[in-house]
Amino acid sequence: MDHDLSPEANTLRDMVRAFLERKSSESDVRRVIETGMGRDDDVWQQMAVQLGLQGLLVPEELGGQGSSFVEVSVVLEELGRSLLPGPFFSSAVLATSALLATDDAAARELLGELASGQRVATVAFSEGVTGRPDESTVVAREADSSWVLDGQIDIVLDAQAVDVLLVVARTGRDVGLFTVPASEHGVSITPLRTLDQTRQAGRVELTDVVARCVGRNFAEAQRHVLSLAAAGLAAELAGVTQRVLEMAVDYAKLREQFGVPIGSFQAVKHLCAEIFCTAESATAVARHAARMASDEPASLALAASLAKAYASQACAEAAEKNIQIHGGIGYTWEHPAHLYLRKAKAGEMLFGDSARHRQNLGGLLGLTAGAEVVSIAGAVVLDQRVGV
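What counts, and at which threshold
Residues numbered from 1 in each chain as written. Predicted model: local features only at pLDDT ≥ 70, side-chain atom pairs only at ≥ 80, totals over all residues. Heavy atoms only, no water. pLDDT = per-residue confidence, 0-100. Helix = DSSP H or I, 4+ residues; strand = E, 2+ residues; numbered from the N terminus. Contact = heavy atoms within 4.5 Å. Salt bridge = Lys/Arg side-chain N within 4 Å of Asp/Glu carboxyl O. Core = buried A, V, L, I, M, F, W, Y, C linked by side-chain atoms within 4.5 Å. Buried < 20%, exposed > 50% of the residue type's maximum accessible area, 1.4 Å probe, protein only. Pairing = 2+ DSSP bridges. Axes fitted to C-alpha atoms, helices over the stretch in contact; angles between N-to-C directions. Parallel < 35°, antiparallel > 145°, perpendicular 65-115°, else oblique. Nonpolar A, V, L, I, M, F, W, Y, C, P; charged D, E, K, R; others polar.

1. Notes on the confidence of the model for the protein
Close inspection of predicted coordinates is inappropriate for parts of the model with low pLDDT.
And step 1. Averaged over every residue, the pLDDT of the protein is 89; residues scoring 70 or more account for 92%.
And step 2. Mean pLDDT in the protein bottoms out at helix 11 (residues 354-364), which sits at 82, and peaks at helix 4 (residues 69-82), which reaches 97.
And step 3. Note on residues 370-388: pLDDT under 50 across the span, and 61 contacts to partners over four residues away in sequence or across chains.

Next up, the structure:
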């Protein structure tokens with residue numbers, strides 16, 4: 001599997017990496033985490049205005065870049081490497097992809113605002129939703145010339161950091177996509193404590209909320225968006241794995257024991273080699289899924305499940321081995337190794353863990369009954385009693 005990037009994609013990667021090295025150092029990441037704001041507004045605007053990252057998927061006529069999902073996956077890899085806190089995945093991937101699946105005039109206007117960084121959005125999927133109306137926890141009913149939403153969604157990524165919620169709600173035999181201002185009367189957002197402190201989440205309750213429908217028959221589009229979410233997370237996790245490999249190798253060269261670098265010990269060499277293999281493989285499957293999203297959408301569901309199944313497990317194992325190589329210092333709060341482990345563990349469960357995606361692969365290949373790949377949370381959100 002050839003996972004080399006094109007010259008244009010390499011240029012984008014280098015540009016984004018240089019930007020993040022300046023704007024998302026470890027101290028910057030910890031500062032944003034401590035503020036609880038979810039993002040640095042100045043950095044967010046620079047990403048939109050100077051680099052045009054939020055508008056990569058948005059057509060040029062709407063103010064975006066008109067790029068493919070390959071370019072988006074390149075950015076997600078770099079964001080995974082840098083741990084930049086912010087709603088890029090929620091707004092530039094989930095929300096943008098959902099809006100692109102509609103032909104509503106209001107949706108097209110919102111796309112331009114998302115591309116410019118003026119507004120931020122996320123998609124509110126119900127837990128465990130597969131696109132079947134009976135599994136949506138939000139009900140939409142028509143009232144006069146508008147729609148009214150009622151229900152609760154337990155986990156919505158970046159809910160407290162966005163301006164607009166794109167709510168998937170049951171409309172009868174199908175599901176629809178509705179836009180709701182986060183500040184709308186009847187919307188209640190409760191922040192949740194997350195394992196990955198660089199990604200926020202909240203519980204959304206809707207009570208007689210007036211909404212605008214931008215997509216009436218959205219079930220099939222929703223499944224496509226969820227596949228893109230799996231592919232995007234695989235790219236992000238591949239970036240995390242690449243970074244923990246660098247951390248492990250650098251420390252193995254630097255740390256000495258018995259007068260020699262620990263990297264000279266065979267056991268440490270084995271650990272570094274294992275991380276290298278998983279990083280290369282995770283990158284390959286993630287980039288393959290991104291290419292399928294761009295070039296062969298009919299193959300996306302299969303490629304996305306393959307990528308998410310492998311990258312989820314590989315990234316978590318690599319992050320654990322990185323801490324093992326670092327020894328005692330790797331377990332401390334002051335060292336960044338735990339931030340990557342948290343990112344890996346949360347990403348492993350988000351939108352379906354490895355077991356769920358392997359089951360889905362079996363179904364797509366006709367080997368098992370299968371299961372839809374769409375679990376939103378899993379262990380992403382911590383129980384409030386957990387003291388970590």
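2. Structural notes on the pattern of salt bridges
One side chain can pair with another of opposite charge once the charged atoms of both are near each other.
And step 1. In this structure the tally under the stated criterion is 21 salt bridges.
And step 2. In this structure, R17 and E78 form a salt bridge, with 2.9 Å as the shortest nitrogen-oxygen distance. Here R17, found in helix 1 (residues 7-23), pairs with E78, found in helix 4; they are 61 residues apart in sequence, far enough to count as distant.
And step 3. Of the charged contacts in the structure, one is a salt bridge between D208 and R141, with a shortest N-O distance of 3.1 Å. With D208 in strand 7 (residues 201-215) and R141 in strand 2 (residues 138-143), this residue pair connects regions lying 67 residues apart in the sequence.

3. Some remarks on the nonpolar core
And step 1. Counting 121 residues, the largest nonpolar core has F88, L149 and F351 as the members making the most contacts within it.
And step 2. The element best represented in this core is helix 7 (residues 219-254), accounting for 20 residues.

4. A word on unusual backbone geometry
And step 1. For L83, which is not a glycine, the phi torsion comes out positive at approximately 65°.
And step 2. Looking at where L83 falls in the secondary structure, it is placed in the loop between helix 4 and helix 5 (88-100).
And step 3. Since its relative accessible area comes to 4%, L83 is described here as buried.
And step 4. Backbone geometry places F258, a non-glycine residue, at a positive phi of 60°.
And step 5. Among the structural elements, F258 can be located in the loop between strand 8 (256-257) and strand 9 (260-261).
And step 6. The class for F258 is exposed, based on a relative accessible area of 74%.

5. As for the pairing of strand 2
And step 1. By the bridge criterion, six bridges tie strand 2 to strand 3 (residues 146-157) in an arrangement that is antiparallel. Opposite A140, over in strand 3, you have L149 as the bridge partner.
And step 2. Between strand 2 and strand 3, which pair antiparallel and follow one another directly, the connecting turn spans two residues, one of which, D144, has a positive phi of 60°.

6. Notes on the packing of helix 4 against helix 5
And step 1. In the contact formed by helix 4 and helix 5, the axes pass within 12 Å of each other and the chain directions differ by 170°. What the angle tells us is that helix 4 and helix 5 run roughly antiparallel. Together, F69, V72, V75, L76 and L79 of helix 4 and F88, F89 and V93 of helix 5 make up the contact between the two elements.
And step 2. Split into classes, the residues belonging to the contact of helix 4 with helix 5 amount to eight nonpolar, no polar and no charged.

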